[in-house]
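Per-entry structural report
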Amino acid sequence: MTVLHDRPPAGGREGSGALRRVLPPARRFLARRKGAVARLTLWSLAESAQTFLIGYGVARSLDAGFLAGRTGVGLGWLAAAGVAVLLGAPVVRGVFAQLAELTEPLRDRLVERAVDRSMDGARVRPGGGDRAAVSRLTNQVEIVRDSFAGLVLTLRSFVFTAAGALVGLFSLDPALLVVVLPPLAGGLALFLATLRPTGAAQRRALAADEALGDHVARTRRALRDITACGTEPEVAERGERLVAEAAATARVLARWAGLRTLALGIAGQLPLLLLLLAVPALRDRGVSTGAVLGAFTYLAQALLPALHTLMTALGAAGTRLLVVLDRITTPPTGPGSAEDHRSHRPEPAETGPPDPERARGPEPDTRTAAGTAMGTDTGPGPGPGTQTNTGTGTGTGTGTGTGTGTGTGTGTGTPPAPRAPVEARAPRAPVPPPRRPAPAVRLRSVTLAYGARAEPVLDALDLCVEEGEHLAVVGPSGIGKSTLTRLVAGTLAPTLGTVEVAGRRVTGPPSAELTSLRVLLPQQAYVFTGTVRENLTYLRPDASDVEVLAAVRELGADGLVRRLGGPDAPLRPDELSQGERQLLVLVRAYLSPARLLLLDEATCHLDAAAEARAEEALARRPGALLVVAHRMSSALRADRVLVLDGVGADCGTHGELLGRSPLYRDLVGHWDEIRD
């Protein structure tokens, strides 16, 4: 099973429908600002007149002036063209003033929509933050504002510049339009035909990039869980697949960009080339030299630059504007969205988990038919292990054994057959004493420093945690408590010394072997998209329904599982609070086959009562428990307490440490003051 189940990016709709979704609100936005649009149009008409005068003035300066021997007239027409150029400055100032009346209200409206969308999501998904909210409020809103402003400028400039240039070409000689207009219109039509597929490719590229970024962020947050669970290959495979998808969408986008470049060449360069080739024919038709030069002026100075700017803006800023604007204004409809949450909210009363007593079935009859039966249960209860039942007696009998410790067992017996008397027995060989199990954790002179010249976080630490022992680790923040759990878990190698778990060194074994020895629960509980059962049994997929439900009830998570819809209900991490995530992960650890549990403030988001119930349940579980205490009450529940002070370490019972450790007395006193 893959550990990280990345959600598909919200708003994964194709670009073909984005235009239909964006156009209605865009029309309403512009309709409420008719005054600004009208003033912008008037300033743009002035720009059309300026374009017309530039080309027309150059043409008349030759035909009516210099070529006709009238130098003064020629200079006058050139002066008129120069004045038209100078008048462009106030025109641009007026255009930008009216543009601000459109872009600033647009930005304000988008910020409102982004905030409303994030608040709606927060109401229906308590505890699941909207990671894209900040991006929408900052980067994406600014992208829309800048892209909209640039698009309005370029589109307006092209339309009115083209109008002035085409009117000028027609006024000089209609034959000029026959040469210039076909390639111009053909290239522009080809370019417009690429806009929709380019927008779809842009959307897919943006979605792939977001999915890859989300996967990287999730992997970084769950790095310790991934290492502890040994799921690096699955996470790496998912990352490679997302990188490949992002590269594929980028290649598709590049192909459409190449086609846009071809369209730009047809519309932006071919008219000029055809005009050069057509000069002899135009002269034969009586087109004047001034008209030809004026046509070149219109093309080179006005029409082709405006066309190039338009295609660049529509190809890049236009598609980006459409994609981002659609993502901001259109509510998400994927998994985890508000709509999806409202339509898939589980009904606890109907889909709650089955009753464990009912799932267990009728209790077997434990009465004996003749004689008696005895049994010992060495199984660990709801967890992995073995169960051995023995029975002796003169008849047959049955019994049951679940839970921890000893209880009634199952056994069978038959009446013993009569045996002949034995005169003497051979002496029985002495039975060797049972071998003492290896300590759950042993540290020998462990030193760790983050750097060759850095002060050691742990210095020559010796520690032994016996099988079945409950140890709490306390100390000031940043003193090395989490470092200790990482050393024991094998995710961090000591600078000096050795670390052993169940008699085996943890530095070096493959992750699968480490997973069978210990489970590390960090502060940030990691749950993934799947079913509740898949999350609970991730470390032990073969756990039975009875064991799962017994573990859920033991940890006090039955109410949460019932609210989620039962063990087989789908689980969406964003719908859980941090405390609920921690509770599910604690059940997962309880079911784990590992006999050593390492809790690195893994109950910090639970209330005190839930934390106490969880720690007591985990302490009853066979094996050892090492807890980095979030509250001093955890130390009171432990068999022994390890105090880290940055210089040394002291280990003992609560009463012993109160007598000999000033730091421990301070920590206990500080906690008592906070509690009071």
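Keep in mind that what you see is a predicted model, and the values were worked out from it rather than measured.

Moving on: the confidence of the model for the protein chain. With 72% of its residues at a pLDDT of at least 70, the protein chain reaches an overall mean of 76. A low-confidence stretch, residues 1-16 stays under pLDDT 50, and its non-local contacts, those more than four residues away or across chains, total 57 contacts. pLDDT under 50 marks residues 333-426. Its contacts with residues more than four places away, or in other chains, come to 130 contacts.

Turning our eyes to something else, we now look at unusual backbone geometry. Positive phi outside glycine occurs at A460, with the angle close to 50°. Considering the arrangement of structural elements, one finds A460 in strand β4 (residues 458-465). Here the phi dihedral of E601 falls at roughly 50°; this positive angle occurs in a residue that is not glycine. For E601, the location among the structural elements is in the loop between β11 (596-600) and α22 (608-620).

On the surface, a nonpolar cluster with roughly 350 Å² of combined accessible area is contributed by L270, L273, L274 and L277. Owing to a relative accessible area of 46%, L273 belongs among the partly exposed residues under this scheme.

Our focus in this paragraph is the sheet that holds strand β3 (residues 441-448). Spatial ordering of the open sheet is given by β4-β3-β6-β7, a layout of four strands whose pairing is antiparallel. Of all strands in the sheet, those with a lone pairing partner are β4 and β7 (504-505), marking the two edges. Helix α16 (residues 481-489) contacts β3, β4 and β6 (496-501) of the sheet and is inclined by roughly 120° relative to β3.

Another point: the pattern of salt bridges. In the structure shown here, the tally under the stated rule is 18 salt bridges. A salt bridge links R218 to D214, with the shortest nitrogen-to-oxygen separation between them at 2.7 Å. With a gap of four residues between them, R218 and D214 both fall in helix α7 (residues 195-221), about one helical turn apart. For the residue pair R218 and D214, the accessibility class agrees, reading buried in each case. One salt bridge in this structure joins R637 and E611, with 3.6 Å as the shortest N-O distance. Here R637, found in helix α23 (residues 633-637), pairs with E611, found in helix α22; they are 26 residues apart in sequence, far enough to count as distant. Of the residues examined, E611 reaches a relative accessible area of 0% and is grouped as buried. Bridged by salt links that share partners, the residues E611, E615, R631 and R637 form one connected network.

The next point concerns the packing of helix α19 (residues 545-554) against helix α21 (residues 578-591). One way to put it is that α19 packs onto α21 with a least axis distance of 9 Å and a crossing angle of 125°. One finds that α19 runs oblique with respect to α21. Here α19 runs over α21; the crossing is right-handed. Touching E547, V548, A551, V552 and E554 of α19 are V587, Y590 and L591, all from α21. A per-class count over the contact of α19 with α21 returns six nonpolar, no polar and two charged.

Another point: the nonpolar core. Grouped burial of nonpolar side chains is what soluble globular proteins tend to show. Counting 42 residues, the largest nonpolar core has L584, L586, V587 and L599 as its most contacted members. Of all elements in the fold, only β8 (518-521), α18 (532-536), α19, α20 (558-564), α21, β11, α22 and β12 (624-628) reach the threshold of two or more residues within this core. Those residues within four positions of L599 in sequence are excluded, and the remaining contacts are L521, L586, L618, L625, L626, V627 and V628.

As a further point, take the sheet that holds strand β5 (residues 470-474). What the six strands build is an open sheet, ordered β8-β11-β12-β5-β13-β14; its pairing is mixed. Two strands close off the open sheet at either side, each with one partner strand: β8 and β14 (649-652). Pairwise comparison of adjacent strand axes, ignoring direction, gives a mean angle of 15° for this sheet. In this structure, β5 lies alongside β12, joined through four bridges in parallel fashion. Looking at β12, one finds that L471 is bridged to L626. On the sheet, α16 packs against β5, β8, β11, β12 and β13 (640-644) and is oriented at approximately 155° with respect to β11. Across the sheet, α22 is in contact with β5, β11 and β12; its angle to β12 comes to roughly 150°.

Reading the values: rules and limits
- Residues numbered from 1 in each chain as written.
- Predicted model: local features only at pLDDT ≥ 70, side-chain atom pairs only at ≥ 80, totals over all residues.
- Heavy atoms only, no water.
- pLDDT = per-residue confidence, 0-100.
- Contact = heavy atoms within 4.5 Å.
- Helix = DSSP H or I, 4+ residues; strand = E, 2+ residues; numbered from the N terminus.
- Patch = residues over 30% accessible without salt bridge, like charges linked within 9 Å, V, L, I, M, F, W, Y side chains within 5 Å.
- Areas by Shrake-Rupley, 256 points an atom, 1.4 Å probe, with all protein chains shown as cover.
- Salt bridge = Lys/Arg side-chain N within 4 Å of Asp/Glu carboxyl O.
- Buried < 20%, exposed > 50% of the residue type's maximum accessible area, 1.4 Å probe, protein only.
- Pairing = 2+ DSSP bridges.
- Axes fitted to C-alpha atoms, helices over the stretch in contact; angles between N-to-C directions.
- Parallel < 35°, antiparallel > 145°, perpendicular 65-115°, else oblique.
- Left-handed = near helix turned anticlockwise from the far one by under 90°.
- Nonpolar A, V, L, I, M, F, W, Y, C, P; charged D, E, K, R; others polar.
- Core = buried A, V, L, I, M, F, W, Y, C linked by side-chain atoms within 4.5 Å.

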